[in-house]
Amino acid sequence: MDPQVIYVKYNRNRFPQFQIETSIVQDGSSRYVVKKALSEKAYDHIAAIHQGYLWMQESISDARIKQPKVIEKAKDRIALEFVEGKSLEICLLEACHAGDKAQYFRCVDTYRDLLNSSFKNTSQFHLKPDNEVFLKHVPLDFIEKEKMHFSHGFLDLAMDNILLTKAGDYYCIDYEWIIPAPFPVSFVFFRSLSTFYGFKYAELNIAGFVPLAELMSRYGITPAHREQYAKIELNFQRNIVGELLYNRVRYLKNRLLLSELLPSIDAIRQGRSLAPVEQEKILQLEYDKERLEATVHRNETEKLSLTEQLKAKDDMIALLCNSYSLRIGKAVLWPFRYLKARLLAQR
């Protein structure tokens, strides 16, 4: 049987030089992950991913830290071994679902300890072109006061990019956004947790279980740190996608429940005149439709990005319905949708 693509995700919302396709391929009994440039403009980014892999390899100082094997490297793609395991992010979600704060903090402690002690670091910060782009509007003396920096900046060494295997090893599985310049370890820690609480799982109200401010304070990250780190994150995103930062909220405004629309639908079916409130609902929906269409057509790149995000989520749902959930090169061996529904029901 020919190799089959079982999952694919596109990153067209980025600048062209960073746009790639990430796929999981089933080849007989084995799987591998392929990151492929969507155009020649992104060939350098593929090369940077491979270079990042090598830089991390040189920086690892802990025998528990592993990397998937590189299966293939070409100018337009890189293929990596597929690793099964549980991400540290899933460990957090499980602890939250169980209402186990002690385990929740242990998961975060593990992540913090890995960042602090498993890679070469330095106490000295040096401003270079590779890190300067992310530090606009951030006081340099603030960064210089940081006690620990990665020798190579692993900007995306997030909890969902570290897998814990049954053998007890920790696999780092993503090598985008690794730069040859020092960068504060605490920023990477902050970035992972703030994304977890905000963009990714805000609807689960994890802050109601353990507030982010409380968590940051536990690890010595003050409000002043959070303010400066937020600026760095904004610079990071703008470097990748520009000013058009994705904001799903604007696509979710003015929603109506199906139960609110049923009387209008029944009225149309029965051929009777619509009440003013029903007419208003239809006009509101038509207005929302026109507004969204105008938004989408105003930027073709965003249109493609949204379409692909929807397709990717449909593909993920299909996989989840088969009781096997995948996330870009990593396996989650239990039904996440069930956990998410239970968390929502408890809030």
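The structure reproduced in this document is the subject of the present report. Bear in mind the structure is a predicted one, so any value in this text is a computation, not a measurement. (Residues numbered from 1 in each chain as written. Predicted model: local features only at pLDDT ≥ 70, side-chain atom pairs only at ≥ 80, totals over all residues. Heavy atoms only, no water.)

**Some words on the overall build of the protein**
Helix and strand counts for the protein come out as twelve helices and 17 strands. Counting over 347 residues, the protein shows a buried share of 44%. Of the roughly 18,200 Å² of accessible surface on the protein, 53% is carried by carbon and sulfur atoms. (Helix = DSSP H or I, 4+ residues; strand = E, 2+ residues; numbered from the N terminus. Buried < 20%, exposed > 50% of the residue type's maximum accessible area, 1.4 Å probe, protein only. Areas by Shrake-Rupley, 256 points an atom, 1.4 Å probe, with all protein chains shown as cover.)

**Examining helix H3 (residues 101-117)**
Given a rise of 1.5 Å per residue, 17 residues ought to cover 24 Å, and the 24 Å separating the end C-alpha atoms of H3 matches this to within 8%. Inspection of H3 places Tyr104, Phe105, Cys107, Val108, Tyr111, Arg112, Leu114 and Leu115 among the buried residues, and these make up the whole buried set. Near the N-terminus of H3, the side chain that reaches the backbone nitrogen of Ala102, with its oxygen 3.2 Å away, is that of Asp100. (Expected span 1.5 Å × (residues − 1). Polar contact = N/O pair within 3.5 Å; in protein donor to acceptor, adjacent residues only side chain to side chain.)

**Looking at the packing of aromatic side chains**
In this structure the tally under the stated criterion is 18 aromatic pairs. Measuring from ring centre to ring centre gives 6.1 Å for Phe142 and Tyr229, while their planes differ by 70°; the resulting arrangement is edge-to-face. Linking Phe142 in helix H5 (residues 140-144) with Tyr229 in helix H8 (residues 223-241), this pair joins segments that are 87 residues apart in sequence. No difference in accessibility class separates Phe142 from Tyr229, as the two residues are buried. Counting every residue linked through ring pairs, the aromatic cluster contains Phe18, Phe134, Phe142, Trp177, Phe183, Phe187, Phe190, Tyr229 and Phe236. Above the plane of the ring of Phe82 lies Arg31, whose end atom (NZ or CZ) is 5.8 Å from the centre. The ring of Phe189 is capped by Arg112, whose NZ or CZ atom sits 4.7 Å from the centre of that ring. (Phe/Tyr/Trp six-rings, centres within 6.5 Å; stacked < 30°, edge-to-face > 60°. Lys NZ or Arg CZ within 6 Å of the ring centre and 35° of its normal.)

**Digging into the pattern of salt bridges**
Pairing between side chains of opposite charge can happen when the charged atoms of each approach one another. Under the definition given, this model contains ten salt bridges. For Arg191, the salt bridge is made with Asp156, and the minimal N-O distance between the two is 2.9 Å. Within this pair, whereas Arg191 is found in helix H6 (residues 185-200), its partner Asp156 is found in the loop between strand S11 (153-154) and strand S12 (162-164), the two being separated by 35 residues in sequence. On the accessibility criterion, Arg191 (11% relative accessible area) is buried. Between Lys200 and Asp160 there is a salt bridge; the shortest N-O distance is 2.9 Å. You can see Lys200 sitting in helix H6 and its partner Asp160 sitting in the loop between S11 and S12, a full 40 residues away along the chain. Among the charged side chains, a network of salt bridges with common partners joins Arg14, Lys35 and Glu176. (Salt bridge = Lys/Arg side-chain N within 4 Å of Asp/Glu carboxyl O.)

**Topic: the sheet that holds strand S13 (residues 170-172)**
Ordered by their spatial adjacency, four strands build an open sheet running S4-S13-S12-S8, and the pairing between neighbours is mixed. Lying at the two open borders of the sheet, with one neighbouring strand each, are strand S4 (65-66) and strand S8 (86-87). Bridge analysis of S8 against S12 gives two bridges, and the strand direction is antiparallel. Its bridge partner lying in S12, Ser87 is registered against Leu163. (Pairing = 2+ DSSP bridges.)

**Comments concerning the nonpolar core**
Within the largest apolar cluster, 70 residues are counted, with the highest numbers of intra-cluster contacts made by Tyr104, Leu157, Leu193 and Leu215. Of all the elements, H6 adds the most residues to this core, at eight residues. Sequence-distant contacts of Leu215, defined by excluding residues within four places in its chain, comprise Tyr104, Phe105, Val108, Leu193, Tyr197 and Val210. (Core = buried A, V, L, I, M, F, W, Y, C linked by side-chain atoms within 4.5 Å. Contact = heavy atoms within 4.5 Å.)

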